[in-house]
Amino acid sequence: NAGVTQTPKFQVLKTGQSMTLQCAQDMNHNSMYWYRQDPGMGLRLIYYSASEGTTDKGEVPNGYNVSRLNKREFSLRLESAAPSQTSVYFCASTEGGVDGYTFGSGTRLTVV
Amino acid sequence: AQSVSQHNHHVILSEAASLELGCNYSYGGTVNLFWYVQYPGQHLQLLLKYFSGDPLVKGIKGFEAEFIKSKFSFNLRKPSVQWSDTAEYFCAVTFSGGYQKVTFGIGTKLQVIP
């Protein structure tokens, strides 16, 4: 049971570089999410996709873009990385809000 | 604005001590409530959830939480903690009309001393 798979697990970028974080789930969930986790700030929602073909901004969307490629995959792109985007990024999915989320193992991103 | 507050940011307990972590939310409508745990270096895992029925909810690893609607609270409890409970604990809430979006508290780091 893979659940939610995120790649890569670690990444170091230089300021201004771009990259895409990949997320895939094998539970046939409709909804997928990207969060960032920073010390003392908990988890903050970047973008989410309530269903295939839709995406919406969360609390902190600036500097990010997303693509819901199909029902399984939801990617997060940083077009021009900034040091403020140094964080741990978590992808999550759920079938419905009452079920709670299943999280991926996270991507630790450092922007220098 | 809808929000979730966790008042204890860092808690240190000795093994066998009792635990209670506070969680409050600001919203007068229907909510679904969750507690997640994050062990060091790992992702978040669901501990327990409440969406209706008995306000006392039992989760995994001996944890329980009580929903008190009049106090807008959903506190997490465990009668006797173990060293392996050292982790960060997050309260989370979905608010009616936004059922697919979860709002997290900032987390409480629990350190259990052997």
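Residues numbered from 1 in each chain as written. Chains lettered and ligands numbered in written order. Predicted model: local features only at pLDDT ≥ 70, side-chain atom pairs only at ≥ 80, totals over all residues. Heavy atoms only, no water.

J.: Go over the overall build of chain A, please, and point to the residues and values.
T.: Check the secondary structure of chain A and you find zero helices and eleven strands. Relative to the globule expectation of 13 Å for 112 residues, the C-alpha radius of gyration of chain A, 13 Å, shows essentially globular dimensions. Along the longest, intermediate and shortest principal axes, the C-alpha atoms of chain A span 35 × 30 × 25 Å. Looking at chain A as a whole, 50% of its 112 residues are labelled buried. Contacts in chain A between residues far apart in sequence, at least 24 positions, make up 54% of those at least 6 positions apart. Split by element, the accessible area of chain A, about 5,000 Å² in all, is 48% carbon and sulfur. (Helix = DSSP H or I, 4+ residues; strand = E, 2+ residues; numbered from the N terminus. Rg over C-alpha atoms; globule rule 2.2 N^0.38 Å. Buried < 20%, exposed > 50% of the residue type's maximum accessible area, 1.4 Å probe, protein only. Contact = heavy atoms within 4.5 Å. Areas by Shrake-Rupley, 256 points an atom, 1.4 Å probe, with all protein chains shown as cover.)

J.: Before we move on, could you go through the sheet that holds strand E3 (residues 19-25) of chain A and cite the residues and values that matter?
T.: Residues and elements named next belong to chain A. Judged by pairing direction, the sheet is antiparallel, and its four strands sit side by side in the order E1-E3-E8-E7 without closing on themselves. Each having just a single partner strand, strand E1 (4-7) and strand E7 (64-68) make up the two edges of the open sheet. With direction set aside, neighbouring strand axes in the sheet form an average angle of 15°. (Pairing = 2+ DSSP bridges. Axes fitted to C-alpha atoms, helices over the stretch in contact; angles between N-to-C directions.)

J.: Can you explain unusual backbone geometry? Please cite residues and give values.
T.: Residues Thr7(A) and Pro8(A) are joined by a peptide bond in cis, for which omega reads -10°. Among the secondary structure elements, Pro8(A) is positioned in the loop between E1 and strand E2 (10-13). Look at Asn28(A): it is not a glycine, yet its phi comes out positive at around 60°. Looking at the secondary structure, you find Asn28(A) in the loop between E3 and strand E4 (31-38). Overall, Asn28(A) belongs to the exposed group, its relative accessible area being 52%. Phi at Phe72(B) takes a positive value of approximately 50°, unusual for a residue other than glycine. Examined against the element boundaries, Phe72(B) turns out to sit in the loop between strand E8 (64-68) and strand E9 (73-78).

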